[in-house]
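Secondary and tertiary structure notes
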Amino acid sequence: MKHELKLYCEKSRLAELRNFLSGILSASGLNDITQNQLILAVEEVCANLIIHSHDCNPLNHIELEVLVGKDTIVFEIRDSGKAFNIIEYKSPEIDAVVREKRKGGLGLLLVRKIMDKIEFETDPSFNTCRLIKKLKSK
Amino acid sequence: MLSINKAPERDHLVITLNGEVDASNSVELDEVIQEAIAENASKILVDGNRLEYISSAGLGVFMSYLEDFNEKQVTFVIFGLNEKILNVFHILGLDQLISIKSTKEEAERALYEA
């Protein structure tokens with residue numbers, strides 16, 4: 001099943017994103033902890049794009065497509081801002097975050113730990129980030 | 001939606017989080033902790049019983065004060081987190097860096113018997 005959301009680039013829209021994802025995931029049969037992890041990972045990528053690639057410009061938007069399959073859930077996040085290559089980005093070490101009193105840097109670390117696979121593609125019109133979670137066979 | 005309440009109790013400060021912490025409102029959490037440090041609080045409890053969600057923006061706020069807590073010898077304890085949120089702390093290993101207790105009683109014991 002395919003679900004789509006057009007998310008405007010304002011931080012206040014993140015709650016709307018969570019509602020959208022929660023509606024899809026609550027029907028997935030995944031447990032609460034996993035549902036929360038997936039919502040969090042998708043939100044981290046979107047928040048990153050909203051803040052860093054779009055400078056919170058409410059006229060810009062991000063497109064999110066969720067494909068719930070038999071073996072995987074795929075979250076495809078498309079935007080046309082400054083390309084942010086999530087695969088090349090190096091997450092900081094936790095102790096460096098503490099030592100430097102940094103407030104950021106943990107988000108993409110969470111995404112990497114939660115998702116099974118992350119893909120990134122860019123062409124002149126769109127950047128596409130794909131987050132893939134395998135569903136355990138029952 | 002997030003509401004934060006800060007109230008003194010005995011010899012400590014209780015910061016109660018109600019709702020969801022994300023990139024849109026983590027600055028509010030930041031301000032409250034900053035205030036607590038400015039007021040020279042030496043024992044801070046965070047009541048997470050009604051915290052429903054936290055993203056890296058909120059976790060980052062806690063992380064950014066750990067050095068200050070060390071330097072100023074502030075005892076900082078979070079309690080009452082639900083299992084979804086506890087799991088997020090666990091994924092990053094933050095439960096190794098921040099004192100987390102399940103109940104208020106345990107949290108108070110950690111403050112006063114340390």
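The structure contained in this document is the topic of the report that follows. (Residues numbered from 1 in each chain as written. Chains lettered and ligands numbered in written order. Predicted model: local features only at pLDDT ≥ 70, side-chain atom pairs only at ≥ 80, totals over all residues. Heavy atoms only, no water.)

Moving on, we get to the environment of R112 of chain A. Residue and element names in this part refer to chain A. Mapping R112 onto the fold places it in helix 4 (residues 107-114). As for R112 and I86, which are separated by 26 residues in sequence, their C-alpha atoms are 9.6 Å apart. Each residue touching R112, except ones within four places of it in the same chain, is listed here: I86, I87, Y89, K90, S91 and I118. Polar contacts involving the side chain of R112 include one to the side chain of S91, which spans 2.8 Å. (Helix = DSSP H or I, 4+ residues; strand = E, 2+ residues; numbered from the N terminus. Contact = heavy atoms within 4.5 Å. Polar contact = N/O pair within 3.5 Å; in protein donor to acceptor, adjacent residues only side chain to side chain.)

Residues and elements named next belong to chain A. Taken as a whole and assessed by the stated rule, the structure comprises 21 salt bridges over all chains. The closest approach of N and O atoms between R78 and E76, which form a salt bridge, is 2.8 Å. Residue classification places E76 among the buried residues on the basis of a relative accessible area of 15%. Overlapping salt bridges, with partners in common, bring together E63, E65, E76, R78, K117, E119, E121 and R130 in one network. (Salt bridge = Lys/Arg side-chain N within 4 Å of Asp/Glu carboxyl O. Buried < 20%, exposed > 50% of the residue type's maximum accessible area, 1.4 Å probe, protein only.)

Residues and elements named next belong to chain A. A full pass over the atoms with the stated rule returns zero disulfides over all chains. In this structure C46 is not part of a disulfide, and its nearest cysteine sulfur, from C129, lies 8.5 Å away. Accessibility expressed as a relative area gives 1% for C46, which makes it buried. C9 provides the cysteine sulfur closest to C56, a residue in no disulfide bond, and the two sulfurs are 8.1 Å apart. For C56, a relative accessible area of 27% puts it in the partly exposed group. (Disulfide = S-S within 2.5 Å.)

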